[in-house]
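Results of the structural survey
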Amino acid sequence: MLSRVADSIYWLNRYVERAENIARFIDVNQNLLLDSPSGVQQQWKPIVVTTGDLEVFKERYGEATEENVIRFLTFDSNYPNSILSCLRAARENARSVREVISSEMWEQVNEFYLMVRDAAVGESYYQLSDFFYQVKMRGHQFAGVMDATMSHNEGWHFGNMGRLLERADKTSRILDVKYYILLPSVQDVGTTIDEIQWISLLKSASAYEMYRKRKQHRITPSRVVEFLILDREFPRSIEYCLLQAERSLQCITGTSPGTWENPAERELGRLRSELDYTTIEEIMQDGIHEFLDDLQHRMNRVGERIFEAFFALKPVASPLVLSQTQTSS
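Calculation notes
Residues numbered from 1 in each chain as written. Predicted model: local features only at pLDDT ≥ 70, side-chain atom pairs only at ≥ 80, totals over all residues. Heavy atoms only, no water. Helix = DSSP H or I, 4+ residues; strand = E, 2+ residues; numbered from the N terminus. Buried < 20%, exposed > 50% of the residue type's maximum accessible area, 1.4 Å probe, protein only. Contact = heavy atoms within 4.5 Å. Areas by Shrake-Rupley, 256 points an atom, 1.4 Å probe, with all protein chains shown as cover. Salt bridge = Lys/Arg side-chain N within 4 Å of Asp/Glu carboxyl O. Core = buried A, V, L, I, M, F, W, Y, C linked by side-chain atoms within 4.5 Å. Axes fitted to C-alpha atoms, helices over the stretch in contact; angles between N-to-C directions. Parallel < 35°, antiparallel > 145°, perpendicular 65-115°, else oblique. Nonpolar A, V, L, I, M, F, W, Y, C, P; charged D, E, K, R; others polar. Phe/Tyr/Trp six-rings, centres within 6.5 Å; stacked < 30°, edge-to-face > 60°. Lys NZ or Arg CZ within 6 Å of the ring centre and 35° of its normal. Left-handed = near helix turned anticlockwise from the far one by under 90°. Polar contact = N/O pair within 3.5 Å; in protein donor to acceptor, adjacent residues only side chain to side chain.

Concerning the overall build of the protein chain
Secondary structure summary: the protein chain contains 15 helices and zero strands in total. Taken over 329 residues, the protein chain has a buried fraction of 54%. For the protein chain, the proportion of contacts with a sequence separation of at least 24, taken over those separated by at least 6, is 64%. Surface exposure of the protein chain reaches about 15,500 Å², of which carbon and sulfur atoms provide 48%.

Comments concerning the pattern of salt bridges
When the charged atoms of two side chains lie near each other, side chains of opposite charge can form a pair. Within the structure shown, the criterion is met by 26 salt bridges. Residue Lys170 is joined to Asp169 by a salt bridge in which the shortest nitrogen-to-oxygen separation is 3.2 Å. Residues Lys170 and Asp169 agree in their burial class; the two are buried. Bridged by salt links that share partners, the residues Arg14, Arg18, Glu166, Asp169, Lys170 and Arg173 form one connected network.

A look at the nonpolar core
Ranked by internal contacts, the top residues of the largest apolar core, which has 93 residues, are Val116, Met161, Leu228, Ile229, Leu242 and Ile306. No other element matches the 13 residues that helix H1 (residues 3-35) contributes to this core. Ignoring sequence-local partners within four residues, the contact set of Met161 consists of Tyr10, Ala245, Ser248, Leu249, Ile252 and Ile306.

Points about the packing of helix H6 (residues 103-122) against helix H7 (residues 128-149)
The N-to-C vectors of H6 and H7 enclose an angle of 170°; their axes lie 9 Å apart at closest approach. By the angle between their directions, the pair H6 and H7 is classed as roughly antiparallel. Along the contact surface, H6 presents Glu104, Met105, Gln108, Val109, Glu111, Phe112, Met115, Val116 and Ala119, while H7 presents Phe131, Gln134, Val135, Arg138, Gly139, Gln141, Phe142, Val145, Met146 and Thr149. Taken together, the residues of the contact of H6 with H7 sort by class into eleven nonpolar, five polar and three charged.

Some points on the packing of aromatic side chains
The full count for this structure, using the stated rule, is 13 aromatic pairs. Relative to Trp11, the ring of Tyr10 lies with its centre 5.6 Å away and its plane at 80°, an arrangement referred to as edge-to-face. Side by side, Tyr10 and Trp11 carry an identical accessibility label, which is buried. Consider the rings of Trp11 and Tyr15, whose centres lie 5.4 Å apart with planes at 40°: the pair is tilted. A residue pair is termed a helical-turn pair when its members lie 3 or 4 positions apart in one helix, as Trp11 and Tyr15 do in helix H1 at four residues. For Tyr15, a relative accessible area of 7% translates into the label buried. Members of the aromatic cluster, each reached through a chain of ring pairs, are Tyr10, Trp11, Tyr15, Phe158, Phe310 and Phe311. Seen from the ring of Tyr208, Lys203 lies directly overhead, with NZ or CZ sitting 5.5 Å from the centre. In this arrangement the basic side chain of Arg266 is found over the ring face of Trp260, its NZ or CZ atom lying 5.7 Å from the centre.

Describing the packing of helix H3 (residues 54-61) against helix H4 (residues 66-75)
Where H3 contacts H4, the two axes come as close as 11 Å, and the packing angle between them is 115°. Relative to H4, H3 is oriented so that their crossing is right-handed. Together, Val56, Phe57 and Tyr61 of H3 and Asn68, Val69, Arg71 and Phe72 of H4 make up the contact between the two elements.

A few points about the environment of Thr259
Take Thr259: it is sitting in the loop between helix H12 (238-253) and helix H13 (263-276). Residues Thr259 and Gly269 lie ten residues apart in sequence; the distance between their C-alpha atoms is 8.5 Å. Here the side chain of Thr259 touches Ser256 through a polar contact of 2.6 Å, landing on its backbone oxygen.

Focus: unusual backbone geometry
Even without being a glycine, Ser206 presents a positive backbone phi close to 50°. When you line up the elements, Ser206 lands in the loop between helix H9 (192-204) and helix H10 (208-215).

A closer look at the side chain of Arg24
For Arg24, the location among the structural elements is in helix H1. Looking at Arg24, the relative accessible area reads 2%, which means it is buried. A distance of 2.7 Å separates the side chain of Arg24 from the side chain of Glu20, its partner in a polar contact. When near neighbours in sequence (up to four residues on either side) are disregarded, Arg24 contacts Lys136, His140, Lys203, Ser204, Ala205, Ser206 and Arg236.

Quick look at the structure:
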């Protein structure tokens, strides 16, 4: 498979997954404000912190009000990680590989983008709850259409890997922000507002019902963290995402489990295997923030190694031909 094609399918899926996760963060935060006790200060800044682009937001919008944050993360066409920009990029990547993906995939991502573009024109805030629900559902639909209509060959595995790595990254970020920023004070630990926020966090990952069915006990920080990081069966936990991403990577390279041929396989396999033997007690003892911060840096390295191994154009072995470089979207 051409590196250009693999790159486009990989980023097509990452962008769709990123748009869906941004909708989750905003929608759940709105619901959290409705469920919080009276007098609790609105918390919109943590949602921007989740993206890692707080400084960009401050320069362009200043105060983190509900309206500013929603406009920045949803409809700002100049911000590359807004829902609108992500779907525009996803659509362009899909357009460039229409001969490889199914027609249903192209129709799905094209309609998805047009829906968000039309919503951006009106920015009807009273209808945003339904809008974010539609973004989440269309993200699910795209993943389902891809699984049902595209051959599960190299191209599919590149797309699946991109989706799962993006999902793992966003799960780690929302966990990190909740633990250190959303809670108003230490005195609120274990109170009703604390439990409401952990429930909100589970809902942001569509994990609330599965947590209840799996754990069957009251919600506590350590058990929520364990479920979203170490559970091997829930499809939005970090452990599950990395495990399945590694399987797709091995299908691409043809290597056997437990072996590696390139730095991308080594980096991902090493991270996944360490999670296999990590306990929630070790995470809590070392510090959730420290653990997640290290995890995010290592997942970024996995992405860098994947780019170097599969997407970066190598210099042609001829002194008469200029070498080229390619950057990811």
